[in-house]
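Structural overview for review
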Amino acid sequence: MHLYKPACADIPSPKLGLPKCGELALKCRRHLAVSKPPPQAACGPVGRSGAAERRCLEKFLHVHGISLQETTRAETGMAYRNLGKSGLRVSCLGLGTWVTFGGQISDEVAERLMTIAYESGVNLFDTAEVYAAGKAEVILGSIIKKKGWRRSSLVITTKLYWGGKAETERGLSRKHIIEEIVRAMTHVINQGMAMYWGTSRWSAMEIMEAYSVARQFNMIPPVCEQAEYHLFQREKVEVQLPELYHKIGVGAMTWSPLACGIISGKYGNGVPESSRASLKCYQWLKERIVSEEGRKQQNKLKDLCPIAERLGCTLPQLAVAWCLRNEGVSSVLLGSSTPEQLIENLGAIQVLPKMTTHVVNEIDNILRNKPYSKKDYRS
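Residues numbered from 1 in each chain as written. Predicted model: local features only at pLDDT ≥ 70, side-chain atom pairs only at ≥ 80, totals over all residues. Heavy atoms only, no water.

1. What to know about the side chain of Thr199
Quick reminder of the rule: Put simply, DSSP H or I for four residues or longer makes a helix, DSSP E for two residues or longer makes a strand, and each gets a number counted from the N terminus. Three labels apply to residues, based on accessible area from a 1.4 Å probe with only protein chains included: buried if under 20% of the type maximum, exposed if over 50%, partly exposed otherwise in between.
Following the sequence through the fold, Thr199 ends up in strand β8 (residues 196-200). Among the residues examined, Thr199 registers a relative accessible area of 0% and is labelled buried.

2. Quick notes on the pairing of strand β9 (residues 224-228)
Rule in force here: When the strands point away from the viewer, a crossover counts as right-handed if the path from the first strand over the helix to the second runs clockwise. Between any two strands, pairing holds if DSSP finds at least two bridges.
Most of β9 is tucked away: five of the five residues are buried. Both faces of β9 are covered, namely the face carrying Cys224, Gln226 and Glu228 and the face carrying Glu225 and Ala227. Between the parallel pair β8 and β9, the chain is carried across by helix α8 (residues 204-216), and the sense of this crossover is right-handed. In this sheet, strand β10 (residues 251-255) lies alongside β9 in parallel orientation, the contact comprising five bridges. Residue pairing for β10: Glu225 is matched across the bridge by Ala252. Running through helix α9 (residues 235-248), the crossover from β9 to the neighbouring parallel element β10 is right-handed.

3. A closer look at helix α13 (residues 339-346)
Quick note on the threshold: Comment: arc refers to directions from the helix axis out to C-beta atoms. Contacts are residue-level and defined by heavy atoms, with any inter-residue pair within 4.5 Å sufficient.
Burial in α13 covers these residues: Pro339, Leu342, Asn345 and Leu346. One side of α13 carries all its buried residues, which in axial view fall inside an arc of 130°. Buried residues in α13 make contact with β5 (93-96), α4 (107-119), α12 (315-324) and β11 (329-334).

4. A closer look at the pairing of strand β7 (residues 155-161)
β7 sits mainly inside the fold: six of its seven residues count as buried. Inspection of the sheet shows strand β6 (residues 124-128) paired to β7 by five bridges, in the parallel sense. Its bridge partner being in β7, Thr127 is matched across the sheet by Thr158. Following the backbone out of β6, through helix α5 (residues 135-147) and into the adjacent parallel β7, one traces a crossover that is right-handed.

5. With respect to the pattern of salt bridges
Under the convention used in this document: A side-chain nitrogen of Lys or Arg and a carboxyl oxygen of Asp or Glu constitute a salt bridge if their distance falls within 4 Å.
Inspection of every chain in the model, using the stated rule, returns eleven salt bridges. For Lys159, the salt bridge goes to Asp126, with nearest N and O atoms at 2.6 Å. Taken together, the positions of Lys159 in strand β7 and Asp126 in strand β6 put the pair 33 residues apart, joining distant regions of the chain. You'll find Lys159 and Asp126 in the same group, each marked buried. We note a salt bridge from Asp364 to Arg234, for which the minimum N-O separation is 3.0 Å. Within this pair, whereas Asp364 is found in helix α14 (residues 357-367), its partner Arg234 is found in the loop between β9 and α9, the two being separated by 130 residues in sequence. According to the relative accessible area criterion, Arg234 is buried, its value standing at 4%. Among the ionic contacts, a cluster of salt bridges with common partners joins Arg234, Glu238, Arg325 and Asp364.

Take a look at the structure:
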């Protein structure tokens with residue numbers, strides 16, 4: 001993953017208050033790129049341009065010792081975290097374009113989703129060169145341009161895929177392939193096209209190899225790993241990545257907090273016709289849902305509903321807040337297909353303070369899938 005170089009560290013100004021509580025397993029590895037691009041022109045009185053209004057606001061905030069980021073946080077509750085141990089600040093919730101942009105939803109809905117996210121304090125948007133055969137990237141860029149948002153205030157993650165077959169046919173070992181990637185990403189950053197780079201669905205061993213190669217040849221190492229993380233997928237993010245974070249500073253950007261919709265609650269009584277699992281190309285998801293393990297997961301979700309009700313939130317909000325409660329997670333990517341769904345999921349920010357140790361233990365007792373590290377076994 002590579003992150004495009006920002007001109008400044010602005011955070012988008014909010015316009016939409018969040019309501020009070022209320023992506024798919026990829027089949028090939030990828031390295032991603034994060035671009036740091038822009039907030040909107042602020043709305044102001046008639047006769048004053050958006051840029052002028054924004055400068056006036058920034059001057060006022062500076063005089064009174066208040067940052068624009070703090071005003072965003074106060075309005076929406078959005079929190080911002082460092083991406084790994086880098087200096088890049090990202091919103092703890094991001095918007096993903098996989099499956100949805102250019103495929104499942106119209107361009108108009110995509111624009112609405114980006115607007116809601118942006119005005120709610122989200123500054124992180126995730127895409128890839130292969131999403132909808134490249135359409136997702138185009139739609140994302142056109143919306144940013146249409147809205148007049150400055151790229152310098154957004155972080156855009158772009159994944160570049162490598163399958164490994166062609167490289168293997170060339171007689172390259174895994175170590176040589178990783179070295180090529182590190183060299184390529186270092187070149188991209190040195191050319192000013194990106195600010196940082198990271199990995200997606202790489203093993204801990206591969207990430208450590210990339211770090212070692214970077215240090216050996218004075219190149220730039222990855223700063224984060226993009227990994228699947230939800231109530232039923234925990235091992236990598238809770239055991240492997242924390243060690244990488246403390247050793248080499250690699251953080252976690254997670255995706256599929258609702259397990260491709262399994263945790264949304266809509267599959268409790270089978271597979272609805274309008275759901276993602278009903279699509280022909282997602283037959284594997286349908287098989288997972290109707291399997292014995294899938295039925296067990298649905299029963300566990302039903303047991304979690306009383307906890308969500310007690311906290312005054314929905315099951316999806318509880319699931320997203322559960323992901324956010326992990327201090328090693330820099331940002332959680334949301335893959336919403338409707339404005340209502342996105343607004344609901346963004347509401348998880350307000351559930352996060354309620355994720356006490358007692359609540360987390362309750363959830364663990366129901367799930368019974370908490371992974372244990374070597375440190376836990378030693379203690």
